[in-house]
Amino acid sequence: MGNHSSSGSVDAATAKTGFPQGMTGLPDHVVVFVHGMGKALKGGALQEWAQPLMLSLHDLSVHSTGNAEKPALTITSADAVGHAPEAWVKVLKGYNADGTPHYLNVLMTEASWGKDFEPATASATFSWALGTAWKVYTRSVDLLRWNLYPGTRNLSSLRWLGTKFLHAVLPLVAYAVGFILVAAALFLLWLAILLAKVPVLGRWVGSFVSLFADFLGDPTVWKRKPLQAAAMRQRVRDTLRRWNHGLKVPITVVAHSQGAAIAGQLLFQDSENRGKVTNFVTVGSGLDLLGYAQWGGPDGHGPVADWLALPVPDRPRWINVWGKFDFVPAGPIATAAGGRLPLFAEIYNRDDDGDGGPGPEEHPVYNRSALIYDHIVYSRNRIEVIDPLARLIFDPPSQPVAEFGSDPRVLAFPGIENDGRLKPHRVMVKSLGVTRLLAVLTGAIGAPSVLSWLGSMGWARAAVRCGTGEGGQDPWWSSWLCSGATYHWNSPADWLILAMAAAVIAAVVIGLLNGPVWGRFHGRLERRYKASVSLSSVPGSSPGNPWWNVAGYLGSAAALGVVLPILIVRPSWPWLVAYAAGAALWAVCFTKTGIAGLAARVPQGSGAEEPAAEEPAAEEPAAEEPADELAAAEPAGEQPATG
């Protein structure tokens, strides 16, 4: 790959194109981030993804060069809030024959539509959500079933029998509980929308309804407002067209959630304007759930079929990354004819025959073991998302794009070889679910004691204005605390207040253990090198055995979430049995962590009949294209990077 970071004065053409000071050519790689649903701040997607990506690129450079003299990564220019937010970075790849450093120039930018128009109204959004809720609900339960898949039948194994029992029981419980929760949430949402129109009550619930419309209004617009959907695609198109065919600059598009649906339709259907993309990385993709927008191109046969129908020179590597509990993608993406079940079988059961049918490269990852939270933390998953993305840029696959699906063993998005952090990371992520369960138990056994204690405290009674012991009247809104000295689960009259108190206690415990405590230990685990005051990574300095961080988190969770509540509350033996059963699930967290990605399945000859020579000549872009100005900045006699 060519080095375009040579020093020298900036000529007029370069200055005209807006290259940062010291840059006299094209970037070696362009990374475009496309955000998901909701109102996104200008520059928000860039800042969310670029910072961790730079850390991983820095560590890759340190690992590759072992350099301690030249800077491994330098931010040359950054504009995070401008009309086109972008950051230019130089990453040290090695040294030339004459001993001079060889840098990889990477441009990171975003395609953002969040401020272009107002989202759909709350009523329209609710109407769309009502029709989509059932699909999300059933897909989520299917995802849970496969996450509990016991593997090949083995009646002599106690582990297999236990997992098979959970596989049979938990989805049924999820079906029942999930249906109740979804129905209740939709009813409360509908009620809130109605109350928001009442003059007085509207002031109390209006902000919640607005938040709901802002968050889910984008998907509603994408499906029901073709003009605004076209404006979304235009933002992505304008960003990509700056780097068209003639410049031969490798482009990686990282698209999250709804952004994957928008970018996918543009890349797979808009043959005249899509531009050439090298890698299409979808994370938490909404492409399968939301589908294409109306009037965006031919009807097509679905994303996978349309991707495979592209001629080889135009077909990007498609890498689909999804959290194991993310309800939006809810697993791999497949053709409409084949469905997702064969793909699930291939990913979770490696003994299964076949390859799951055609489709992109699939990568299930461990985010946070939570249906909703899994969808929003991909950029914080350094080990399974950010590090492989950095490798894709720093050390791209040697296979040409036209051949990336020829070898079923080849992954374009692999993690670090022999990464000692991977299994500890997955164990810690799985342990988050156990911690939540123990927190719920802590809330249940602690609620009666906490309420009884508060009811006996003078400051608490004064704070809620309880009546005096001489017959003073208790306010109606605080009688739950003032009315009695003790609370019991065997009293139905106390159930509501006990449930509310238990929820608050559980939320506090989860917020502590799965927040700063988990972040502290996992943040140390995900580092490849020890940090110092002046350097983000010190070459050759190991951060220590990652299993110590696992032990630190599990020990902290056991102490704060199990031992301390037992010592304070001293629960009866049924609660102790429940605690012991819940804590025993931590042992399960150490098993079944070897799930791996599935290489792209491209049928033999798919798109290969289209010769590259039939592509329209792009060496001389149209005069009105911004790319002309960029091409003029390319130094004479130097060929742009091909990746």
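Everything in this summary refers to the structure shown in the same document. (Residues numbered from 1 in each chain as written. Predicted model: local features only at pLDDT ≥ 70, side-chain atom pairs only at ≥ 80, totals over all residues. Heavy atoms only, no water.)

**A look at the pattern of salt bridges**
Per the counting criterion, the structure on display carries 8 salt bridges. The partner of Glu86 in a salt bridge is Arg242, and the shortest N-O contact between them spans 3.4 Å. Remark: Arg242 occurs in the loop between α6 (226-241) and β5 (251-256) and Glu86 occurs in strand β3 (residues 86-95); sequence separation between them is 156 residues. Look at Glu86 and you get buried, because its relative accessible area is 15%. (Salt bridge = Lys/Arg side-chain N within 4 Å of Asp/Glu carboxyl O. Helix = DSSP H or I, 4+ residues; strand = E, 2+ residues; numbered from the N terminus. Buried < 20%, exposed > 50% of the residue type's maximum accessible area, 1.4 Å probe, protein only.)

**Details of α6**
The first and last C-alpha atoms of α6 sit 22 Å apart over 16 residues, in line with the 22 Å expected at 1.5 Å per residue. Those residues of α6 lying buried are Pro226, Ala229, Met232, Arg233, Val236, Arg237, Thr239 and Leu240. Projection of α6 onto a plane perpendicular to its axis shows the buried side chains occupying an angular sector of 165 degrees, all on one side. Lining the buried residues of α6 we find β1 (29-34), β4 (101-111), α5 (202-224), β5 and α7 (258-269). (Expected span 1.5 Å × (residues − 1). Arc of directions from axis to C-beta. Contact = heavy atoms within 4.5 Å.)

**Considerations on the nonpolar core**
Counting residues in hydrophobic clusters, the biggest one holds 80 residues, and the most contacted among them are Phe33, Leu53, Met108, Val321 and Tyr553. With 12 residues, helix α15 (residues 495-525) is the largest single contributor of residues to this core. Leave out the neighbours within four places in its chain, and Phe33 touches Ala45, Leu46, Trp49, Ala50, Leu53, Met108, Thr109, Glu110, Ala111 and Val254. In this structure, Leu107, Ala192, Ile193 and Ile251 belong to the second largest nonpolar core, which totals 56 residues. (Core = buried A, V, L, I, M, F, W, Y, C linked by side-chain atoms within 4.5 Å.)

**Here's the deal with a nonpolar patch on the surface**
Together, Phe165, Leu166, Val169, Leu170, Val173, Val177 and Leu181 make up an exposed nonpolar region whose accessible area comes to about 570 Å². Positionally, Val177 belongs in helix α4 (residues 158-195). By relative accessible area, Val177 is classed as partly exposed at 42%. (Patch = residues over 30% accessible without salt bridge, like charges linked within 9 Å, V, L, I, M, F, W, Y side chains within 5 Å. Areas by Shrake-Rupley, 256 points an atom, 1.4 Å probe, with all protein chains shown as cover.)

**A look at the sheet that holds strand β2 (residues 73-79)**
In space, the 8 strands of this open sheet follow the order β2-β3-β4-β1-β5-β6-β7-β8, with mixed pairing throughout. Both outer strands of the open sheet, β2 and β8 (361-365), are each paired with one neighbouring strand and no more. Across the sheet, the mean angle separating the axes of adjacent strands is 20 degrees when strand polarity is ignored. Pairing between strand β6 (residues 279-283) and strand β7 (residues 317-323): 5 bridges, direction parallel. By the bridge assignment for β7, Val281 is matched with Ile319. (Pairing = 2+ DSSP bridges. Axes fitted to C-alpha atoms, helices over the stretch in contact; angles between N-to-C directions.)

None of the figures reported here should be taken as evidence of function without further support.
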